Amino acid sequence: MALKATVFKAQVQISDMDRHYYESHTLTLARHPSETDERMIVRLLAFCLFADPQLAFTKGLSADDEPDLWQRSLSGEIERWIEVGQPDERRLRKASGRAREVVVITYSGRAAELWWPQNGEALERLRNLRVVDLSSSEVQTLTGLVERSMDLQCTIDGGEVWIGNARETVALTPRLRQV
């Protein structure tokens, strides 16, 4: 018998001073049985960082031909393709040809540090690719906010991110590896 995804609900108020984006979103995240809380909360954070009414979670780990999130235009073109983790260089090259912008968010510390030297030279040729690194210790702290029903506030200002609930706030400093 196959395991089913676990459903998480999040109410997120986003105040992005860098992009002048101020909205509240009601989100449903399905955590694949093989996905960790860490990876799921990074997907949620990715939504906050690139929030837009057209940005949506995809089937993610359940579909080989879809990213974790994507933003489609009203005519169906892929404007932004967002991957979480350390995707294969060939996958990113293909995504680069399909989307106007491709974003990779790495978060696993040592694994991410090893991934870039192995793939960085080829990835630097992709002009529409942006790579964002998150500190593994910050992500571990962020994982403490995971609950089946979350009410979160996210503030982004000057490249710094604060995300929290009524009990605690986690500060993150995403690092741009490639713009």
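Anything mentioned here points back to the structure above.
How each quantity is defined
- In every chain, residue numbers begin from 1 and rise along the written sequence.
- Owing to the predicted nature of the model, reporting of local features is limited to residues with pLDDT of at least 70; listing and counting of side-chain atom pairs is limited to 80 or more, with chain, interface and lining totals taken over all residues.
- Calculated side-chain values reflect all of the structure's heavy atoms, with hydrogen atoms and water omitted.
- For two strands to be treated as a pair, DSSP must find no fewer than two bridges joining them.
- Strands are runs of DSSP state E lasting at least 2 residues, helices are runs of H or I lasting at least 4, and numbering of each runs from the N terminus.
- Each axis is a line fitted through C-alpha atoms, and for a helix only the stretch in contact is used; angles between axes span 0 to 180 degrees, taken between their N-to-C directions.
- Salt bridge, as applied in this entry: a Lys or Arg side-chain nitrogen positioned within 4 Å of an Asp or Glu carboxyl oxygen.
- With a 1.4 Å probe rolled over the protein chains alone, any residue whose accessible area is under 20% of its type maximum counts as buried; one over 50% counts as exposed, and the rest are partly exposed.
- Throughout, right-handed denotes a crossover for which the path from the first strand over the helix to the second runs clockwise when the strands point away from the viewer.
- Centre distance within 6.5 Å is the pairing criterion for rings of Phe, Tyr and Trp, where only the six-membered ring of Trp is used; planes under 30 degrees apart are then read as stacked, over 60 as edge-to-face, and the remainder as tilted.
- Whether a charge lies above a ring is judged from NZ of Lys or CZ of Arg, which has to be within 6 Å of the ring centre and within 35 degrees of the ring normal.
- Note on contacts: a residue pair qualifies if any of its non-hydrogen atoms lie within 4.5 Å across the two residues.
- In this description, the arc belongs to the directions extending from the helix axis to the C-beta atoms.

Student: Help me understand the sheet that holds strand S3 (residues 55-57), please; the structure alone is not making it clear to me.
Tutor: Strand pairing in a sheet relies on backbone hydrogen bonds, with the paired strands running either antiparallel or parallel. The sheet built from 6 strands is open, its strands ordered S3-S4-S5-S6-S7-S11 with mixed pairing. The sheet is open, and its two edges are formed by S3 and strand S11 (175-178), each paired on a single side. Direction aside, the axes of adjacent strands within the sheet are offset by 25° on average. Inspection of the sheet shows strand S7 (residues 129-133) paired to S11 by 3 bridges, in the antiparallel sense.

Student: What is the right way to look at the pattern of salt bridges in this model?
Tutor: By the definition in use, this model includes 15 salt bridges. The partner of Arg-39 in a salt bridge is Glu-35, with the nearest N and O atoms 3.0 Å apart. By relative accessible area, which is 12% here, Arg-39 ends up buried. Asp-133 is the salt-bridge partner of Arg-177, the closest N and O atoms lying 2.7 Å from each other. Of this pair, Arg-177 sits in strand S11 while Asp-133 sits in strand S7; the two residues are 44 residues apart in sequence, bridging distant segments of the chain. On the accessibility criterion, Arg-177 (21% relative accessible area) is partly exposed.

Student: Just to check I follow, could you spell out the pairing of S7 for this structure?
Tutor: Within a regular strand, the side chains alternate between the two sheet faces. Counting buried positions over the 5 residues of S7 gives 4, a clear majority of the element. Alignment of strand S6 (residues 99-106) against S7, held across 5 bridges, turns out to be parallel. Note that in S7 the partner of Val-104 across the bridge is Val-131. Where the polypeptide runs from S6 across helix H3 (residues 110-123) and back to S7, its parallel neighbour, the crossover connection is right-handed.

Student: Quick question: what am I supposed to make of the packing of aromatic side chains here?
Tutor: By convention here, two paired aromatic rings are described through the distance between centres and the angle between planes. Taken as a whole, this structure holds 3 aromatic pairs when the rule is applied. Residues Phe-47 and Phe-57 carry aromatic rings whose centres are separated by 5.7 Å and whose planes lie at 20° to one another, so their mutual orientation is stacked. With Phe-47 in helix H1 (residues 37-49) and Phe-57 in strand S3, this pair connects stretches of sequence that are 10 residues apart. This pair shows no difference in class: Phe-47 is buried, exactly as Phe-57 is. On the basis of an interplanar angle of 55° and a centroid distance of 6.0 Å, the ring pair of Trp-115 and Trp-116 is categorised as tilted. Per residue, the accessibility class of Trp-115 equals that of Trp-116, and both read buried. The cationic tip of Arg-72 hangs over the ring face of Trp-70; the distance from NZ or CZ to the ring centre is 4.1 Å.

Student: Honestly, the sheet that holds strand S2 (residues 21-31) in this entry has me stumped. Any pointers?
Tutor: If you walk across this open sheet you meet the 5 strands as S2-S1-S8-S9-S10, and the pairing is mixed. Each of the sheet's edge strands pairs with one partner strand only, and the pair in question is S2 and strand S10 (169-172). This sheet shows a mean twist of 20° between the axes of neighbouring strands, independent of strand direction. Both strand S1 (residues 6-16) and strand S8 (residues 149-157) contribute to a ladder of 8 bridges, which runs parallel. Considered in S8, the bridge of Ser-15 is made with Thr-155. Of the strands in this sheet, S1, S2, S8, strand S9 (160-164) and S10 are in contact with H1, which crosses S2 at around 155°. Along the sheet face, helix H4 (residues 136-143) touches S9 and S10 and points at about 160° away from the line of S10.

Student: Looking at this model, I keep getting lost on helix H2 (residues 89-98). Mind explaining?
Tutor: Three- or four-residue spacings in an α-helix give side chains the same orientation, since the helix completes a turn every 3.6 residues. Regarding H2, the residues found buried are Glu-89, Leu-92, Ala-95 and Ser-96. The arc that holds the buried residues of H2, viewed along the axis, is 120°, so those residues lie on one side. Seen from the open side of H2, the exposed residues pointing more than 90 degrees away from its buried face are Arg-90, Lys-94 and Gly-97. Its buried side turned inward, H2 meets strand S5 (78-84), S6 and H3.

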